[in-house]
Amino acid sequence: MAVLREDTRRRRVLRGQAVMLTKDRAICVRVVDYSETSQVVTLFGRSGGKIRAIAKGSKRQKSAFEGPIEPLSFGAIVFSGVRKDQLATLTEFQPEPVRGELRRNLAALQSALLAAELLDLLTEEYDPHPELFDHFLSFLQDMEEGKAGPDPRDFLIRLILFQFVLLHEAGLRPILSACVNCRRAFGADWRESYFSAAANGLVCRDCEMSFPDKIRLRPKAAQCLADIKRIAQADQATLDEIEQLLIHHFTHILGRPPKLAKHVFLP
Ligand SMILES: [Zn+2]
């Protein structure tokens, strides 16, 4: 009997504990309907990294939120619960006002949704990446403010640069300035260049035979990959080639193509 009483008392103490609230600034990368009235959201926080949280009642007309939470919105969040194996509870989300250009341009929206999908797939919960957050936020803000576009090239350039930051932050940055096998530096003397997803980088003509999965690169694409700064000046065909290469690479890493890539960016 004494043991039982002890247990009851401990439970009361636990129940009486103040709920820990965490504040962060976050980007919503995924939304799933949980019930008629609630959503489960995946939020990428600047200080705390990615969390999954339930937003109770977010679809009700009157709730603690300003209407249903939308993917790619961003702002201040407050949540409770910080255990990796459990859903956190979102108690506040204040989306920052935007001009709304992102949803007026299909190419912009598709680029941003693909970026969000990849970010979700390549980051772990509670693993902060503030630089990746800042990069993704400015990518979204540029699109929302209409600083990118209407030329689809603008979205593609930003998407490509974002994907390189993501690969770097996830510890998966490919080697692109030299042959990944023999280490010979890339230069004007390279008459043929290849990329191997399995080798995670550039492969020269002398080594390509050892990499059955290699893809041949056109000279302009190889030059851009070896010197990322060139991407901003690249023509549409080169950008398309690089984006297709990146999708091929993400498909290798993930073991399947990203959902949002197959309809949009593959030929
Ligand atoms: Zn080589």
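The structure under discussion appears in the preceding block.
Residues numbered from 1 in each chain as written. Predicted model: local features only at pLDDT ≥ 70, side-chain atom pairs only at ≥ 80, totals over all residues. Heavy atoms only, no water.

Draft legend 1. Structural detail: the overall build of the chain. A tally of regular secondary structure across the chain gives six helices and eight strands. Reported as C-alpha extents along the three principal axes, the dimensions of the chain are approximately 80 × 50 × 25 Å. Buried positions account for 43% of the 267 residues belonging to the chain. Sequence separation of 24 or more characterises 57% of the internal contacts of the chain that already satisfy a separation of 6 or more. On the chain, roughly 14,500 Å² of surface is accessible, and the fraction owed to carbon and sulfur atoms is 52%. If the 38 positive side-chain charges of the chain are averaged to one point and the 34 negative ones to another, these points end up 5 Å apart. (Helix = DSSP H or I, 4+ residues; strand = E, 2+ residues; numbered from the N terminus. Buried < 20%, exposed > 50% of the residue type's maximum accessible area, 1.4 Å probe, protein only. Contact = heavy atoms within 4.5 Å. Areas by Shrake-Rupley, 256 points an atom, 1.4 Å probe, with all protein chains shown as cover. Lys, Arg positive; Asp, Glu negative; His and termini not counted. Charge placed at Lys NZ, Arg CZ, Asp CG, Glu CD.)

Draft legend 2. The arrangement of the side chain of Thr123 in detail. With respect to the helices and strands, the residue Thr123 is situated in the loop between α2 (106–122) and α3 (130–144). The exposure class assigned to Thr123 is buried, which follows from its relative accessible area of 7%. In terms of polar contacts, Thr123 uses its side chain to reach the backbone carbonyl oxygen of Leu119, at 2.7 Å. (Polar contact = N/O pair within 3.5 Å; in protein donor to acceptor, adjacent residues only side chain to side chain.)

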